[in-house]
Amino acid sequence: DIIIILIAFSIAMIVNDNFTFVYNNFTMLIHEIPVIIIIYAIVFTLFGMYRSIWKYASIEELVRGAVANIFAIAIAYLVNMLIGQQHFDFSPYFIGFFLVSVGTIGMRLSYRFLKFYQTYTNNGFNMTKTLIIGAGYGGVLMLEEILNNPKFDKTVVGFVDDNKELKGKTIRGYHVLGNTDDLDTIVYEQNVDAIIIAIPSLSLKETTALLNKAESTGCKIQLMPPFYEMIGTKDTLVKVRDVSILDLLGRDPIVLEEEGIREYIDSKTVLVTGGGGSIGSELCRQLRHFNPKRIVILDIYENNAYDLQMEFNRLYRTDKVKHKPEIIVRIASVRDEQCLDELFNEFKPQVVFHAAAHKHVPLMEDSPKEAIKNNVLGTYNVAKMADKHKVDKFVLVSTDKAVNPTNVMGATKRFAEKIVMAFNEQSETDYAAVRFGNVLGSNGSVIPLFKKQIEEGGPVTVTHPEIIRYFMTIPEACQLVIQAGAYAKGGELFVLDMGEQVKILDLAEKLIRLSGYEPNIDIQIEFSGLRPGEKMYEELLVDYDKAIKTTNEKIFVLPNGSTDNTLVLNEVDTLKASLQKSNNGHTVSLLKQYINTYKEVI
């Protein structure tokens, strides 16, 4: 600022003297300039000119700088007039005011000017041409971050917004090019490579509808998440994430009957078997909100259980967490009856969620005895301990593959349901089972596989062009399992409404397009054929003619006929003995005999 003031007033004096050198005027300048500099420094300090961060300089700095310059020049002129015997007239001060204003304000806005210049000079050169959907606060924030943060290798071509009044207007010099109905045309005319949806307030349904519009453009699409998700980000003020297939499901959030859940969870000890897995761990996270006394996490795989324990430890270090039940982790197998007995005796759980299971269909076709040991005998052991130690409620996490099973995994899960119903006939514990379909993002889910294949440049492998599945998110599934537990009075087989079926080929194509590629042009799709035991179509979980609807529209109860508990438990003993004496073929034959709904894949 001092340099700018010295240069500005020197130029002002020369201009005022018609570009000639006048010795007396230079002498007066030498006497008056220190006063001018001191007053400018004081006024600029009072106006906060030295507290602004140039990186974020905006219209506020422009206005503040103009007002500060007016005050500074007026005060400097008056002070010099009062203390000086000889004095400039006002003309040099007037010229100096404009030069200093341009210099001091321009210096503070120089960073923004530089970024603006770089954006345009780099346009199209190693930069991703980006269209921002949303010309509101989120969109402006996104633009600011792209302009100011070098980590964003993007150049913005403009905005799109469905507010018709904004069309043709500009934001920071960038035009609102049209509305979302014009996306295809705008993308083509502007040669857009990527689209960022910067409307954090959108509901899931609105986001899904917008994504479906944007998908056809062939651009890579990213989302600005809700503002609460961005709090605490270190590298950027604003973050974006890639679109996930969860965004495309667009289902309304589940409304839980919390009072009923609290009745059976509040202040209780809850045991979750398979607690480190994708379903089990989310069950633990959800259960915490209903204030159990403690959550006992049982898992044979120590890494997942440890990660979940550390997650809770980090969470509990914050004072904002309302519910902090005791978290206990035990590494053990549900196959080990003695270990289970000791664990039940030590912690005396009142509620058990049994999620431990082998679930990979092709692997269990190759290792059927392991599926039986874990899914059948493991369930028997946990159910037996629940009866012995007088647990209040036992909820089995089952699968849609138990419906008319065509594979060993599905058959073992159907057997597990039979075991649960058998114990319910003879026990004071309320036993129930909950069936649901494929869970997006769970271990073994197709989505992570597709994403990895896309990142590697393909090909994306789909088993069959017509294969169809039901899908649900992990949080959705776990919330409904906990809700079903509240309805359980003993002997119920709950099924979850999974919504509409999804064609796996369509899902793969959507993920490819949302990643900015064109299916079978940039990323190939290959068909690998159905795997052993795999169905083309999943069975319908809910037969609306037979199912009984609960007060939650997504949970139904299937009529479950009477179970001969003695017969089922004898079958368990026979199957257990077969594991020791027989080969895989004989053991699987027994399993098929006991599960009369087993159907061979045609």
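Residues numbered from 1 in each chain as written. Predicted model: local features only at pLDDT ≥ 70, side-chain atom pairs only at ≥ 80, totals over all residues. Heavy atoms only, no water.

A. Main features of the pairing of strand β1 (residues 128-133). Among the six residues of β1, five are classified as buried, and the element is accordingly described as predominantly covered. Bridging between β1 and strand β2 (residues 154-160) involves six bridges; their strand directions are parallel. Looking at β2, one finds that Leu131 is bridged to Gly158. Two elements, β1 and strand β5 (residues 194-197), share four bridges in a ladder whose sense is parallel. Along β5, the bridge assignment pairs Leu131 with Ile195. (Buried < 20%, exposed > 50% of the residue type's maximum accessible area, 1.4 Å probe, protein only. Helix = DSSP H or I, 4+ residues; strand = E, 2+ residues; numbered from the N terminus. Pairing = 2+ DSSP bridges.)

B. Representation of unusual backbone geometry in the model. Cis peptide bonds are those with omega within 30 degrees of zero, and the linkage from Gly458 to Pro459 qualifies with 0 degrees. Following the sequence through the fold, Pro459 ends up in the loop between α17 (446-455) and β15 (460-462). A positive phi angle, close to 65 degrees, is found at Ser267, a residue other than glycine. By the element assignment, Ser267 lies in the loop between α10 (258-265) and β8 (269-273). Even without glycine at this site, Lys348 takes up a positive phi of about 50 degrees.

C. Region of the structure containing the packing of helix α15 (residues 368-388) against helix α20 (residues 565-581). Where α15 contacts α20, the axes come no closer than 11 Å and their chain directions differ by 145 degrees. Considering the relative orientation of α15 and α20, their crossing is left-handed. Judged by residue contacts, Lys369, Ile372, Lys373, Val376, Leu377 and Tyr380 of α15 engage Leu569, Val572, Leu575, Lys576, Ser578 and Leu579 from α20. Residues that form the contact of α15 with α20 fall into these classes: eight nonpolar, one polar and three charged. (Axes fitted to C-alpha atoms, helices over the stretch in contact; angles between N-to-C directions. Left-handed = near helix turned anticlockwise from the far one by under 90°. Contact = heavy atoms within 4.5 Å. Nonpolar A, V, L, I, M, F, W, Y, C, P; charged D, E, K, R; others polar.)

D. A look at helix α16 (residues 408-426). Compared with the 27 Å implied by 1.5 Å per residue over 19 residues, the 28 Å span of α16 between its first and last C-alpha is a close match. Of all 19 residues in α16, 17 are buried, a share of seventy percent or more. (Expected span 1.5 Å × (residues − 1).)

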